Amino acid sequence: MSAKLFQFLDVPRQPPRTVPVAVRVLGYGEIGGDFAMPQASTQAERCIDCGNPYCEHACPVHNYIPNWLKLVQQGRILEAATLMHETNPLPEICGRVCPQDRLCEGACTLEQTAFGSVTIGSIERWVTDEAFRQGWRPDLSNVRETGHRVAVIGAGPAGLACADRLRREGIAVDVYDRHREIGGLLTFGIPPFKLDKGVVRTRRDVLEGMGVRFVLGKDIGRDVAFESLLEEYDAVFVGTGAYTFVDGKLPGHALQGVHDALPFLIANTERLMRDEPASMFDFHGKHVVVLGGGDTGMDCNRTAIRLGAASVTCVYRRDEASMPGSAREVNYSREEGVSFLFHRQPMAILDDGNGQVRGVRVVETRLVDSGDGRPKPQNIPGTESEIAADVVIQSFGFLPSPPEWLTAHGVQLASSGKVITGAHGRLPHQTSHPKIFAGGDNVRGADLVVRAVYDGREAAKSIANMLVSEPAKTTVAVG
Ligand code: FAD
Ligand code: SF4
């Protein structure tokens, strides 16, 4: 129990200050500020150790939250970092990008009162950053090498979490990715104002220090045959994500000035990484309309603001309460100057007569009972109108994009394209092929970083359980 049980009565919830709006929209730096030590500790002391840690249940990786909050209260930062890593291989990243209002902090007992939840995510982030600053690294000195080797395909959060846990189980691991940098959507999708790319690079150093080997710039199926990985390794984990764009099939989608969300965000991130000017994405003086109200839509909104847009309007077919993403990201968009137009269904993207977009035709909607708990938007006849736009960004979500080499090896998919795992007596996260495991967005559909982390971690445990009774193919030196 906290030494100061009623601290929450005297100390209000105080997340770290964010960078002022006028400054943040000028660049791509992370907008979340950092705690100083006394502040982190004081905020941790607000935990009432309620006895039934709802926060822990609501956290998808089931972090030992009250336990590490106690260590922070006592100033035992390195021990807190070690405890965090027992459940979460990427705590500094989840602390930054989890929608805490829907997960741990939303479930905090104090959140059900007028006092507001403990700032769990910011503390998780601060502890890991501070531990790294002090030179802390995971201690694998007690790990006994098994001689087993596993290939991980995909260096996104699912693949990285799997690699971390495999090394802790004494299994050698090579992580393959088609990109030249690790992180998957952490690096190429999520914009730097939410997650600085240096944070992912530090994690790469940490994982390499644990003996993880990255084989980057290799597209499996094109540069390396999947078959060869199956032959060479004792098991393969596939964390290849979900990249099939949901096509709204809007007339006019091929006009100049119309972008799909992910290629737009990736191209902007890549040019920032190369330190190049905005060129094709110079939105100065332009009116931008973003179609879609999820987290990716919010990232497009805020990127368009930074690219100099004269106005950004986000169009969503339901109401604000039904938005699928984090309320925090909607608030940030609003603070940075984005306008929202709710209850509008896009009907067509409009041509200016020269192949360039000039606007979007929308119709008003009302929400009706769908029978499945989530109200469905219904168009209201006779309410069509036009929104002027020089640029339109379509952000309707993503579906799994299962590589054909998976099905060629008998891996079963659901009709949605999701990889099926754990069925018919299989181990958790094991596919219908006994040597192939999978997790993250390719199993769940587009979801969250922390759920991909959970899948990667748990898949590694299943792989270790399977291999424990099998002789290793080869003995390898790691490190
Ligand atoms: P990915 O991160 O997609 O990684 C898959 C990796 O596999 C990629 O690196 C890819 O290059 C590689 N790969 C695929 N095929 C091959 C192949 N054949 N050969 C080699 N490599 C291959 N979630 C949050 O929790 N918070 C957020 O704020 C948030 N913001 C988001 C913003 C955007 C714009 C997007 C698109 C998503 C966001 N998400 C967010 C969702 C989150 O990023 C994903 O749920 C998560 O990254 C999924 O992890 P993954 O490891 O399954 O897949
Ligand atoms: Fe909260 Fe995400 Fe951290 Fe879990 S991993 S404690 S949900 S911020």
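Above: the structure in question.
Residues numbered from 1 in each chain as written. Chains lettered and ligands numbered in written order. Predicted model: local features only at pLDDT ≥ 70, side-chain atom pairs only at ≥ 80, totals over all residues. Heavy atoms only, no water.

Moving on, we get to the site of ligand 1. Around ligand 1 there are 32 residues in total, and Val97, Asp177, Lys194, Tyr243 and Asp441 lie nearest to it. In the model, an oxygen atom of ligand 1 is placed 3.3 Å from a nitrogen or oxygen of the proline 157 main chain. For ligand 1, an oxygen atom lies 3.4 Å from a polar atom in the backbone of leucine 448. Against a free-state accessible area of 1000 Å², the protein chains account for coverage of 97% of ligand 1. For the shell around ligand 1, the class distribution of residues is 14 nonpolar, 10 polar and eight charged. Summarising the domain contributions, the shell around ligand 1 has at least three residues from each of domain 2 (149-242 + 400-467) and domain 3 (245-397). (Near = heavy atom within 4 Å. Polar contact = N/O pair within 3.5 Å; in protein donor to acceptor, adjacent residues only side chain to side chain. Areas by Shrake-Rupley, 256 points an atom, 1.4 Å probe, with all protein chains shown as cover. Nonpolar A, V, L, I, M, F, W, Y, C, P; charged D, E, K, R; others polar. Domains from an automatic or database assignment.)

Turning our attention to unusual backbone geometry. Even without a glycine there, the phi angle at aspartate 49 is positive, about 45°. You can see aspartate 49 is positioned in the loop between helix H3 (37-44) and helix H4 (54-58). One non-glycine residue with positive phi stands out, namely histidine 429, at about 75°. Summarising the element assignment, histidine 429 is placed in the loop between helix H17 (404-408) and strand S16 (436-438). Using a relative accessible area of 11% as the deciding quantity, one classes histidine 429 as buried. (Helix = DSSP H or I, 4+ residues; strand = E, 2+ residues; numbered from the N terminus. Buried < 20%, exposed > 50% of the residue type's maximum accessible area, 1.4 Å probe, protein only.)

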